[in-house]
Amino acid sequence: GRALSSSLDLSEVPHLILKLLHDLVPYERGAVFLQQDAKTLEAVANYNFPDTKRAQEMRIHIREDDIYQQLCATRAPKVIDDVTQEPGWQQVPWLPLNSAWLGVLLVSKDQPIGMISLTRREVGSFSEADATWVQAFAAQASSALENARLYAEITQLNETLEQRVHERTEELNRAYRNLERLDKTKSDFINVAAHELRTPLTVVKGYGQMMRDKFLQEDNAQLQRITEGIVEGSQRLHEIVNSMLDITKIDSQALQMVKTPVSIAEIATRVANSFLPTLAGRNLSLTTSGLDALPEIEADPDLLSKVFHHLIINAIKYTPDGGRITISGEVRHHEDRPEIMLTFSDTGIGIAPEDQELIFEKFYHPGEVDFHSSGRTKFKGGGPGLGLAIARGIVQAHGGEIWAESENCDEEICPGSQFYVTLPLT
Ligand code: ADP
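Predicted model only: the values in this text are computed from it and were never measured.

Peer 1: Mind showing me how you'd approach unusual backbone geometry here?
Peer 2: Peptide bonds are mostly trans, and most non-glycine residues show a negative phi. Positive phi is not limited to glycine here, since Lys109 has a value of about 45 degrees. Tracing the backbone shows Lys109 in the loop between β5 (100-108) and β6 (111-120). If you check the backbone angles, Asp219 has positive phi at about 60 degrees while not being a glycine. Residue class for Asp219 comes out exposed when judged on its relative accessible area of 66%.

Peer 1: Looking at this structure, I do not really get helix α8 (residues 301-317). What am I missing?
Peer 2: Because an α-helix completes one turn every 3.6 residues, residues spaced three or four positions apart along the sequence face the same direction. Look at α8: 24 Å from first C-alpha to last across 17 residues, which is about the 24 Å you get at 1.5 Å a residue. Sitting at the amino-terminal end of α8 is Asp300, which places a side-chain oxygen 3.0 Å from the backbone nitrogen of Asp302.

Peer 1: What is the right way to look at the sheet that holds β5 in this model?
Peer 2: Strands belonging to one sheet form pairs held by backbone hydrogen bonds; the direction of such a pair is parallel or antiparallel. With antiparallel pairing, the 6 strands of this open sheet are ordered in space as β3-β2-β1-β6-β5-β4. Edge positions in the sheet fall to β3 (59-61) and β4 (78-80), since each has one partner strand and no second. Between one strand and the next, the sheet's axes are offset by a mean angle of 25 degrees, whatever the strand orientation. Bridging between strand β2 (residues 40-47) and β3 involves 3 bridges; their strand directions are antiparallel.

Peer 1: Would you take a moment to explain the sheet that holds strand β8 (residues 285-289) for this structure?
Peer 2: If you trace the 5 strands from one edge of the open sheet to the other, you get β8-β10-β11-β13-β12, paired in mixed fashion. Every other strand in the sheet has two partners, leaving β8 and β12 (401-406) as the edge strands with one partner each. For this sheet, the mean inter-axis angle between neighbouring strands, taken without regard to orientation, is 20 degrees. Pairing between strand β10 (residues 324-334) and strand β11 (residues 337-346): 10 bridges, direction antiparallel. When the sheet's bridge partners are listed, Ile325 is paired in β11 with Asp346.

Peer 1: How should I be thinking about the pairing of β2 in this particular structure?
Peer 2: On a regular strand, each side chain points to the face opposite its neighbour's, so the side chains alternate between the two faces of the sheet. Counting buried residues in β2 gives 6 out of 8 residues, a clear majority hidden from the surface. Taken together, the 7 bridges between strand β1 (residues 29-37) and β2 define a ladder with antiparallel strand orientation. Its bridge partner lying in β2, Val32 is registered against Ala45. Turn length for the β1-β2 hairpin, with the two strands adjacent in sequence and antiparallel, is 2 residues.

Peer 1: Can you help me understand the nonpolar core in this one?
Peer 2: Soluble globular proteins: nonpolar side chains tend toward being buried together. Ranked by size, the top nonpolar core spans 51 residues in total, and within it Ile264, Leu304, Phe308, Leu342, Phe344 and Phe419 carry the most contacts. In terms of residue count, α8 provides more of this core than any other element does, 9 residues in total. The contacts of Ile264, once residues within four sequence positions are left out, are Leu291, Leu294, Ile297, Leu304, Phe308, Ile340, Leu342 and Leu423. Tyr27, Leu102, Ala131 and Leu145 belong to the second largest nonpolar core, which has 25 residues in total.

Peer 1: Help me understand the pattern of salt bridges, please; the structure alone is not making it clear to me.
Peer 2: Pairing between side chains of opposite charge can happen when the charged atoms of each approach one another. On inspection of all chains with the given rule, the structure shows 22 salt bridges. Because the salt bridges share partners, they merge into one network encompassing Lys109, Glu146, Arg149 and Glu153.

Peer 1: How do you make sense of the packing of aromatic side chains when you look at a structure like this?
Peer 2: Two measures describe an aromatic ring pair: the distance that separates the ring centres and the angle between the ring planes. Within this structure, the stated rule accounts for 5 aromatic pairs. A centroid spacing of 5.5 Å and a plane angle of 65 degrees characterise the contact between Tyr27 and Tyr47, whose relative ring orientation is edge-to-face. Of the two residues, Tyr27 sits in the loop between α1 (13-24) and β1 while Tyr47 sits in strand β2, which places them 20 residues apart along the sequence. On the accessibility criterion, Tyr27 (5% relative accessible area) is buried. Given the relative accessible area of 28%, Tyr47 is considered partly exposed. Taking the centre distance of 5.3 Å and the plane angle of 25 degrees together, the rings of Trp403 and Tyr420 count as stacked. Of this pair, Trp403 sits in strand β12 while Tyr420 sits in strand β13 (residues 417-424), and the two are 17 residues apart along the sequence. Geometry around Phe49 places Arg29 over its ring, the cationic atom sitting 5.6 Å from the centre. The residue whose ring lies beneath Arg392 is Phe360, and the NZ or CZ to ring-centre distance is 4.1 Å.

Peer 1: Is there a simple way to explain the site of the ligand in this structure?
Peer 2: Around the ligand, a shell composed of 19 residues is seen, among which Asn314, Asp346, His365, Gly385 and Leu388 lie nearest. Here a nitrogen atom of the ligand sits 2.9 Å away from a polar atom, N or O, in the side chain of Asp346. One of the side-chain nitrogen or oxygen atoms of Ser417 is found 3.2 Å away from a nitrogen atom of the ligand. Protein chains shield 96% of the accessible area of the ligand, which is 530 Å² for the free molecule. Sorting the residues of the shell around the ligand by element identifies α8, α9 (387-397) and β13 as the ones contributing at least two each. A per-element tally of the shell around the ligand places α8 first, with 3 residues.

Peer 1: Looking at this structure, I do not really get the pairing of β12. What am I missing?
Peer 2: Where burial is concerned, the two faces of β12 differ: the one with Ile402, Ala404 and Ser406 is buried and the one with Glu401, Trp403 and Glu405 is not. Pairing between β12 and β13: 6 bridges, direction antiparallel. Residue pairing across strands places Ala404 opposite Phe419, the latter belonging to β13.

Rules used throughout
Residues numbered from 1 in each chain as written. Predicted model: local features only at pLDDT ≥ 70, side-chain atom pairs only at ≥ 80, totals over all residues. Heavy atoms only, no water. Helix = DSSP H or I, 4+ residues; strand = E, 2+ residues; numbered from the N terminus. Buried < 20%, exposed > 50% of the residue type's maximum accessible area, 1.4 Å probe, protein only. Expected span 1.5 Å × (residues − 1). Polar contact = N/O pair within 3.5 Å; in protein donor to acceptor, adjacent residues only side chain to side chain. Pairing = 2+ DSSP bridges. Axes fitted to C-alpha atoms, helices over the stretch in contact; angles between N-to-C directions. Core = buried A, V, L, I, M, F, W, Y, C linked by side-chain atoms within 4.5 Å. Contact = heavy atoms within 4.5 Å. Salt bridge = Lys/Arg side-chain N within 4 Å of Asp/Glu carboxyl O. Phe/Tyr/Trp six-rings, centres within 6.5 Å; stacked < 30°, edge-to-face > 60°. Lys NZ or Arg CZ within 6 Å of the ring centre and 35° of its normal. Near = heavy atom within 4 Å. Areas by Shrake-Rupley, 256 points an atom, 1.4 Å probe, with all protein chains shown as cover.

Honestly, that's just the spatial picture; any functional story needs more than this.
Below, the structure is given as structure tokens:
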């Protein structure tokens, strides 16, 4: 039994059966047949056959009441002393005649799965004792075959699974490459559109300013107001075009940084001052705390100003009139490295947890875009959806991190949002 179970190779076990059996009950020729289907037995191993190739191709067509059916019916070994006297015996034509035959059924889970067939030349040369030995051996052989079959099944299953995983990975890779290509096409389009828009916009803005100055001199209030509208509109378009150019630079990792020692407090004050009329108009307070105490950092002041600009303008846009915006800063140690951590808090509508990461994707808007009101700094004013993507690109280019936290998005309760920005100090 131990020797039989030493192999789990389904093509090897039947040969092992015949070899070990030969040591136990010597025979002249032997074969193991396994049932392929209800009608066919197929030789899976042979021992001492004159023509091995032909022996490998041996098939037995199962017929009613033939010897195999008798083995199935009785489940006992069958000894034939002289096959020439056995009714219905079919002698394989290319085989020398061996008179004595001993057959034993192979059974697994109580079902016949095949048989061991042994022959000796001399008439009546198999004894009952031989039959008992082979019968006992066949029980071990059956379980060895069953184990090998299960093992082959598992191996096959593993291979199929591996193949499936491989195919799925390939599919995912293809989809990923496709998405990358689409993203690149989108970036290329934004880039081209922004460049094409910039020149005519500069012209509109330039002439608008000239006309506004002229009407100012002429003291023509109505035309002055109209041209003021043109200038403001083109100014706004200019900002959007610049944001489009910023994002294409970030996407193509072509952001150029000119680093100098930078005071965070100065940048915050400069950007905050540019929003003073808006803050007053919307009755919003903007205060800072701890920024003066922060050390200078090596950074690109223009790019950092953009981070402040986008975070402050968002805080303005998503906080109802009368709300509070605060910017605080501290030095902390993160993973043993010193860094500046800035917190932009507002008392606005907040951000749903599932959107807190997605809002940093370009063009992402939670909820219905149509519900946005228009206007650069109005409450819930719509925007192109680029501000946070630009802020993240710039912060990451400085080796820092940016993320958002908020309890939820609720326009009634206004739980507020916090945006955190870290910038390494070394
Ligand atoms: P935009 O403001 O142009 O839509 P952003 O990238 O700046 O694009 O912001 C993406 C989205 O993140 C906004 O549409 C808004 O839903 C959400 N968001 C950003 N800042 C805040 C904030 N302070 N409070 C609530 N929601 C915010």
